[in-house]
Amino acid sequence: MRAPGAGAASVVSLALLWLLGLPWTWSAVAALGVYVGSGGWRFLRIVCKTARRDLFGLSVLIRVRLELRRHQRAGHTIPRIFQAVVQRQPERLALVDAGTGECWTFVQLDAYSNAVANLFRQLGFAPGDVVAVFLEGRPEFVGLWLGLAKAGMEAALLNVNLRREPLAFCLGTSGAKALIFGGEMAAAVAEVSGHLGKSLIKFCSGDLGPEGILPDTHLLDPLLKEASTAPLAQIPSKGMDDRLFYIYTSGTTGLPKAAIVVHSRYYRMAAFGHHAYRMQAADVLYDCLPLYHSAGNIIGVGQCLIYGLTVVLRKKFSASRFWDDCIKYNCTVVQYIGEICRYLLKQPVREAERRHRVRLAVGNGLRPAIWEEFTQPRRPRSGSSTAPPGKCNCSIANMDGKVGSCGFNSRILPHVYPIRLVKVNEDTMELLRDAQGLCIPCQAGEPGLLVGQINQQDPLRRFDGYVSESATSKKIAHSVFSKGDSAYLSGDVLVMDELGYMYFRDRSGDTFRWRGENVSTTEVEGVLSRLLGQTDVAVYGVAVPGVEGKAGMAAIADPHSLLDPNAMYQELQKVLAPYARPIFLRLLPQVDTTGTFKIQKTRLQREGFDPRQTSDQLFFLDLKQGHYLPLNEVVYTRICSGAFSL
């Protein structure tokens, strides 16, 4: 890219002309001409087009690094940083619940979290203990994990869509000594109560459901009313590199894994979002994303806790209320995932869209066509970022609104932020290496796996991994950039253009993204196989025209044509979250396997759900009707034209 031959030729010509006695100015002009004529013009073109972007990115990087260094030296944590915000603006609104209209000022959020910290200390919980939090997004959710952090405890933030086996698994592997669940989650907790240890202490927060209070469960709200709202007398000795909480994510091992989020990780994610997108102290941020994920809880709520912005929460996205909420609460920044923008565009144009004050939308997963339509004059400009939730050291961000891009890496100063796209075998996702045993960097236009060099002493480059050491080791490769180094494997396949902009290509491994969630194919395969008497099943994601992410498709061995798809669906609703249920089914005589009995999916993924590609029986899940339909060419055409709601 830097045209080394052109550079060498220009230096040699400069020296020769100077030896011949020509003035330096003439020699320099001549050398520049040689450089440009020898191919150096390509690098100069890149410099001209990207210098402003790269310098701004560098300024953001330096600013976040300096802030982190200051907090580390002062021995700060997220609760201590929040305390300073409270002292600065105690009566400003911190959190607003758009569903109920309830408003919490900073001093109220501080008091609630202090009560949580004091209560759990009084109950005998100690710093380092884990407490699981299982409730929908509302101000109490933030107050709970923040209060636990004030007492030095670590919250395990459970996905509210988890049920039965995955829920019991997450609770069991977290090592939680207590579970705080919302009244709305009582039925889900009741389903797994028999599988939970007797030593697990259960607390219910909020209004009780029709089930009433579960056995061996304490009502949390009355206990908090009696607890002291003063700061803890003894503050735990924690630092920025200590654990803050755990976020559960679906991975290639099948069941959800607990990703470790340390205080510095929380800070840098929120700080990068704040500075990269030029958020301001007066901004009001609308956050309708789940708070058990990093986007909603760190990028969103982090603006409140660290920078003092008001954040408006809605526990569940509503396309019909989105703009009304933004107008009611004077929101200037909104968060999204690609599907949210698509749903908003499908709504009839309303006057509210012309009266809002939103100037910025921040999120990921936005297709170029939707991006361009969503950023029409009556709508906000967009920013976009990509980052595997809560655990990676190679986050990238689109800071200048390049349509379709999820971020960039400087072509001028590529080593300032040590991330790279490296070549992999796209069937096995095995890293390809050169003769020296190092990974092979991709050239512009070549798809590659995004990796980030690990340095545990650098808060911007550290990788804290998972609670499971074996799961952590699977995400680390060695001798990637240089001999003996370590790098984090993101699992994201991207393509970089000649200017350094990166574009999402696919998600590697046994996961795909649907409705804003990572779906574990091995988990869904396991559930289907058990339901069907250990039948061979292959689950994979397929692209649907005009729809974000990939829809789940299951190829099931049914040699005797005995499977009833709709009877199976009735059982699936009991054990799988809505986003994990296959949209398409393919019934075939047998599922292809390798010599080591690994299921082969390449051909199945290539053929997708197109009935013209196979004679096997295909079915489509009509979400409105709640059952599977035979998928023929007519139905296929209607799906591709957007006639069915996905």
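Residues numbered from 1 in each chain as written. Predicted model: local features only at pLDDT ≥ 70, side-chain atom pairs only at ≥ 80, totals over all residues. Heavy atoms only, no water.

A look at the overall build of the chain
And then number 1: For the chain, the helix and strand inventory stands at 19 helices and 28 strands.
And then number 2: Counting the 646 residues in the chain, one finds 56% classified as buried.
And then number 3: For the chain, the share of sequence-separated contacts (at least 6 apart) that also reach a separation of at least 24 residues comes to 69%.
And then number 4: Only carbon and sulfur atoms are counted for the fraction: they give 54% of the accessible area of the chain, which is about 27500 Å². (Helix = DSSP H or I, 4+ residues; strand = E, 2+ residues; numbered from the N terminus. Buried < 20%, exposed > 50% of the residue type's maximum accessible area, 1.4 Å probe, protein only. Contact = heavy atoms within 4.5 Å. Areas by Shrake-Rupley, 256 points an atom, 1.4 Å probe, with all protein chains shown as cover.)

Some points on the pairing of strand β24 (residues 537–542)
And then number 1: Of all 6 residues in β24, 6 are buried, a share of seventy percent or more.
And then number 2: Both faces of β24 are covered, namely the face carrying Val-537, Val-539 and Gly-541 and the face carrying Ala-538, Tyr-540 and Val-542.
And then number 3: Across 6 bridges, β24 lies against strand β25 (residues 551–557) in antiparallel orientation. Bridge pairing links Val-542 to Ala-551 in β25. (Pairing = 2+ DSSP bridges.)

A few points about unusual backbone geometry
And then number 1: Within the chain, Arg-278 stands out as a residue other than glycine whose phi angle is a positive 55°.
And then number 2: Note that Arg-278 resides in the loop between α9 (263–276) and β10 (284–287).
And then number 3: The exposure class assigned to Arg-278 is partly exposed, which follows from its relative accessible area of 44%.
And then number 4: The backbone phi angle of Ser-479 is positive, close to 55°, even though this residue is not glycine.
And then number 5: Locating Ser-479 in the fold gives a position in the loop between β19 (476–478) and β20 (486–496).
And then number 6: Its relative accessible area of 15% is what places Ser-479 among the buried residues.

Digging into the nonpolar core
And then number 1: Membership of the largest hydrophobic core comes to 122 residues, with the highest contact counts inside it found for Phe-120, Trp-145, Phe-245, Tyr-266 and Leu-305.
And then number 2: Per-element accounting of this core gives the leading share, 8 residues, to helix α4 (residues 106–122).
And then number 3: Those residues in contact with Leu-305 that sit more than four places away from it in its chain are Ile-81, Phe-82, Val-85, Leu-109, Val-142, Trp-145, Leu-146 and Tyr-266.
And then number 4: Core analysis: the next-biggest nonpolar cluster, separate from the first, contains 46 residues, Phe-512, Val-527, Ile-556 and Val-635 among them. (Core = buried A, V, L, I, M, F, W, Y, C linked by side-chain atoms within 4.5 Å.)

So, the pairing of strand β9 (residues 257–262)
And then number 1: The element β9 is extensively covered by neighbouring structure, given that 6 of its 6 residues are classed as buried.
And then number 2: With 6 bridges connecting them, strand β8 (residues 243–249) and β9 associate as antiparallel partners. Looking at β9, one finds that Tyr-246 is bridged to Ile-260.

Notes on the sheet that holds strand β7 (residues 217–219)
Two modes of strand pairing occur in sheets, parallel and antiparallel, and in both the strands are linked by backbone hydrogen bonds.
And then number 1: Strand order in this open sheet of 7 strands is β7-β6-β5-β3-β4-β8-β9, and the pairing throughout is mixed. Of all the strands in the sheet, just β7 and β9 have a single pairing partner and so form its edges. This sheet shows a mean twist of 25° between the axes of neighbouring strands, independent of strand direction.
And then number 2: Judged from the 4 bridges that link them, strand β3 (residues 130–134) and strand β5 (residues 178–182) form a sheet pairing that is parallel. In the sheet register, Phe-134 faces β5, and the bridge partner there is Phe-181.
And then number 3: Here helix α10 (residues 294–307) sits on the sheet in contact with β4 (154–157), β8 and β9, set at roughly 145° to β8. (Axes fitted to C-alpha atoms, helices over the stretch in contact; angles between N-to-C directions.)

Observations regarding the pattern of salt bridges
And then number 1: Inspection of every chain in the model, using the stated rule, returns 21 salt bridges.
And then number 2: A salt bridge links Lys-177 to Asp-129, with the shortest nitrogen-to-oxygen separation between them at 3.1 Å. Of the two residues, Lys-177 sits in the loop between α6 (164–174) and β5 while Asp-129 sits in the loop between α4 and β3, which places them 48 residues apart along the sequence.
And then number 3: Glu-136 is paired through a salt bridge with Lys-315; the nearest N and O atoms lie 3.2 Å apart. With a gap of 179 residues between them, Glu-136 in the loop between β3 and α5 (139–150) and Lys-315 in the loop between β11 (310–313) and α11 (322–328) connect regions that are remote in the sequence.
And then number 4: A cluster of three or more residues bridged by salt bridges with shared partners is formed by Arg-586, Arg-603, Glu-607 and Asp-616. (Salt bridge = Lys/Arg side-chain N within 4 Å of Asp/Glu carboxyl O.)

Notes on the sheet that holds β24
And then number 1: Across the sheet, 5 strands lie side by side as β24-β25-β26-β27-β28; this open sheet has mixed pairing. In the strand order of this sheet, the two ends are held by β24 and β28 (627–630), each with one partner. Taken over all neighbouring pairs, the strand axes of this sheet differ in orientation by 25° on average, direction set aside.
And then number 2: Bridge analysis of strand β27 (residues 617–622) against β28 gives 4 bridges, and the strand direction is antiparallel. From the neighbouring strand, Asp-622 faces β28, where its bridge partner is His-627.
And then number 3: Sheet strands touched by helix α17 (residues 565–575): β25, β26 (584–588), β27 and β28. Its angle to β28, the strand with the most contacts, is close to 155°.

What about the packing of helix α3 (residues 78–88) against α9?
And then number 1: Between α3 and α9, the least distance of the axes is 9 Å, while the angle of their chain directions is 50°. It follows that α3 is oblique to α9 by the angle criterion. For the pair α3 and α9, contact is made by Ile-78, Pro-79 and Ile-81 and by His-263, Tyr-266 and Tyr-267, respectively.
And then number 2: Looking at the contact of α3 with α9 residue by residue, the classes come out as 5 nonpolar, 1 polar and no charged. (Parallel < 35°, antiparallel > 145°, perpendicular 65-115°, else oblique. Nonpolar A, V, L, I, M, F, W, Y, C, P; charged D, E, K, R; others polar.)

Some words on the confidence of the model for the chain
And then number 1: Here the chain shows a mean pLDDT of 85. Residues at 70 or above account for 87%.
And then number 2: Taken as a whole, residues 384–391 scores under 50 in pLDDT and shows 39 contacts with residues more than four places along the chain or in a different chain. (pLDDT = per-residue confidence, 0-100.)

So, the packing of aromatic side chains
And then number 1: All told, the structure shown has 16 aromatic pairs when counted by the stated rule.
And then number 2: Judged by centre distance (5.1 Å) and plane angle (85°), the ring pair of Tyr-286 and Phe-322 falls under edge-to-face. Of this pair, Tyr-286 sits in strand β10 while Phe-322 sits in helix α11, placing them 36 residues apart in sequence. Of the two residues, Tyr-286 and Phe-322, both sit in the buried class.
And then number 3: When the ring centre of Tyr-501 is taken as origin, the NZ or CZ atom of Arg-53, which lies over that ring, is 4.6 Å away.
And then number 4: Of note, Lys-257 hangs over the ring of Tyr-466, and the distance from its end group to the ring centre comes to 5.1 Å. (Phe/Tyr/Trp six-rings, centres within 6.5 Å; stacked < 30°, edge-to-face > 60°. Lys NZ or Arg CZ within 6 Å of the ring centre and 35° of its normal.)

Section: the packing of α3 against α10
In helix packing, the relevant descriptors are the interaxial angle and the interaxial distance, both defined with respect to the helix axes.
And then number 1: The interhelical angle for the contact between α3 and α10, taken along N-to-C directions, is 65°, at an axis separation of 7 Å. Within the contact between the two elements, α3 uses Ile-78, Ile-81, Phe-82, Val-85 and Arg-88 and α10 uses Cys-304, Leu-305, Ile-306 and Tyr-307.
And then number 2: Looking at the contact of α3 with α10, its residues break down into 8 nonpolar, no polar and 1 charged.

Some thoughts on the side chain of Arg-53
And then number 1: Looking at where Arg-53 falls in the secondary structure, it is placed in helix α2 (residues 24–74).
And then number 2: Here the side chain of Arg-53 touches Asp-54 through a polar contact of 2.8 Å, side chain to side chain.
And then number 3: When residues no more than four places from it in sequence are discounted, the contact partners of Arg-53 are Asp-400, Phe-408, Asn-409, Ser-410, Leu-499, Gly-500 and Tyr-501. (Polar contact = N/O pair within 3.5 Å; in protein donor to acceptor, adjacent residues only side chain to side chain.)

Points about the environment of Pro-166
And then number 1: Tracing the sequence through the fold places Pro-166 in helix α6.
And then number 2: Sequence separation between Pro-166 and Leu-255 is 89 residues, and the spatial gap between their C-alpha atoms is 6.3 Å.
And then number 3: Sequence-distant contacts of Pro-166, that is, excluding residues within four places in its chain, are made with Leu-255, Pro-256 and Glu-523.

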